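Chain by chain, the residues run as shown.
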Amino acid sequence: MREVPVPPPVSCQRVLPFPGRAASGPCLSACGLRYEAGGRVLIDGLDLSLGRDGITMVMGPNGAGKSLLLRLLHGLIPPEKGSVFWGDTLLDAEARKRQAMVFQKPVLLRRSVAANVDFVLRPGDPVRCDALLERVGLLARADQPARLLSGGEQQRLALARALATGPNLLFLDEPTASLDPASALMIEDILREERSRGTKIVCVTHDIGQARRLADDVVFLSQGRLVEHRAAAAFFKAPAAPAAQAYLEGRLTL
């Protein structure tokens, strides 16, 4: 696995170029993110700068704020404080069109497998639809109702629909949770292929083995705070934060 350098903290006024790479292309950054609900601070003063390629794995114990962070970065919910940048501008509706997100529980239309992808490709492109379904192993089931697919197949269909938008940045929230090993392996292979095509991937996972297999860099959260962001090789070899070390050792952490 190649080692990807981790960008330094970012200024709120201007996103710094990813070290060692051209300034072109997307770079997602957050400055001072804060989110509170029910009187609890769930994301607390979080600064983050992500490179333009590779797979970033977001890890941490339950309740650390991982899924919430993805929704903030994708613009699904606004932060109470702080900002999210796409390149050198604030994240807006136009920038979000260059992103896609796959949720832990697939959200599918009550239509056929192919119609779920065609909906995103509007006006329909049957050639591209077939290519996407073949890529995720669902071409033979194109005319079947999406609701009849297994859990793993539904997740692959959700992934195909996300990829149909041609995103520069793909968010995934525990895409293989509760899936059988064969389905999880297929999704991991698709993510590797998409990384090779230049798509930036940000994925939440509880699966340490999966993170070791896929991650170029790791974002580790604890109690709504970013406690570590390092290249994957360095993180797994010697995590700097005590909370991260305890997590990798299988000890209970808050």
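Shown above is the structure to which this text applies.
The residue numbering used here restarts from 1 in each chain and proceeds along that chain's sequence as written. Only residues with pLDDT of at least 70 get local features here, since the model is predicted, and only at 80 or more are side-chain atom pairs given and counted; chain-wide, interface and lining totals rely on the full set of residues. Think of the side-chain values as coming from all heavy atoms in the structure, minus any hydrogens and water.

So, the sheet that holds strand β9 (residues 217-222): which residues are in play, and what are the values?
Within a sheet, neighbouring strands are paired by backbone hydrogen bonds and run either parallel or antiparallel to one another. With mixed pairing, the six strands of this open sheet are ordered in space as β6-β7-β8-β3-β9-β10. Strand pairing shows two members of the sheet lacking a second neighbour, β6 (99-102) and β10 (225-231), which therefore form its edges. Going across the sheet, the axis of each strand differs from the next one's by a mean of 15°, ignoring polarity. Strands pair, by our definition, only if DSSP identifies at least two bridges between them. Each helix is a run of H or I in the DSSP string that is no shorter than four residues. Each strand is a run of E no shorter than two, and both are numbered from the N terminus. Of the strand pairs in this sheet, strand β3 (residues 55-59) and β9 are connected by four bridges, and their pairing is parallel. By the bridge assignment for β9, valine 58 is matched with valine 219. When checking whether two residues touch, look at their non-hydrogen atoms; a contact exists if any pair is within 4.5 Å. The axes used here are C-alpha line fits, helices contributing only the stretch in contact, and every angle between their N-to-C directions lies in the interval 0 to 180 degrees. Against the sheet, helix α1 (residues 66-74) engages β3, β6, β7 (169-173), β8 (200-204) and β9, with an angle of about 155° to β7. In this fold helix α5 (residues 151-163) packs onto β6 and β7, with an angle of close to 175° to the strand it touches most, β6.

Quick one: what's the story with helix α4 (residues 126-135), residue by residue and with numbers?
Using a 1.4 Å probe on the protein chains alone, a residue whose accessible area is under 20% of its type maximum counts as buried, one over 50% counts as exposed, and one in between counts as partly exposed. Every buried residue belonging to α4 is among Cys129, Leu132, Leu133 and Arg135, and all of these are buried. Buried residues of α4, viewed axially, fall in a sector of 160°; they line one side. Set apart from the buried face of α4 by more than 90 degrees, the exposed residues are Pro126, Val127 and Glu134. Contacts from the buried residues of α4 go to α3 (113-120), α5 and α6 (181-196). Residue glycine 137 follows α4 closely and has a positive phi angle near 75°. The arc in question is formed by the directions pointing from the helix axis toward the C-beta atoms.

If you had to explain the pattern of salt bridges to someone new, which residues and values would you point to?
Any two side chains of opposite charge can pair, so long as their charged atoms come close to each other. The salt bridge criterion pairs a side-chain nitrogen of Lys or Arg with a carboxyl oxygen of Asp or Glu, the two atoms within 4 Å. Evaluated as defined, the whole model comprises 16 salt bridges. Across the pair glutamate 94 and lysine 97 runs a salt bridge, and its minimum N-O distance is 3.4 Å. Given a relative accessible area of 51%, glutamate 94 falls into the exposed group. Looking at lysine 97, the relative accessible area reads 57%, which means it is exposed. Salt-bridge contacts for arginine 141 lead to glutamate 153; the nearest nitrogen and oxygen are separated by 2.7 Å. Residue arginine 141 is found in the loop between α4 and α5, and its partner glutamate 153 is found in helix α5; the two are separated by twelve residues along the sequence. Overall, the relative accessible area of 15% leaves glutamate 153 in the buried class. Beyond isolated ion pairs, a larger network of salt bridges with shared partners links Arg34, Glu36, Asp44 and Arg225.

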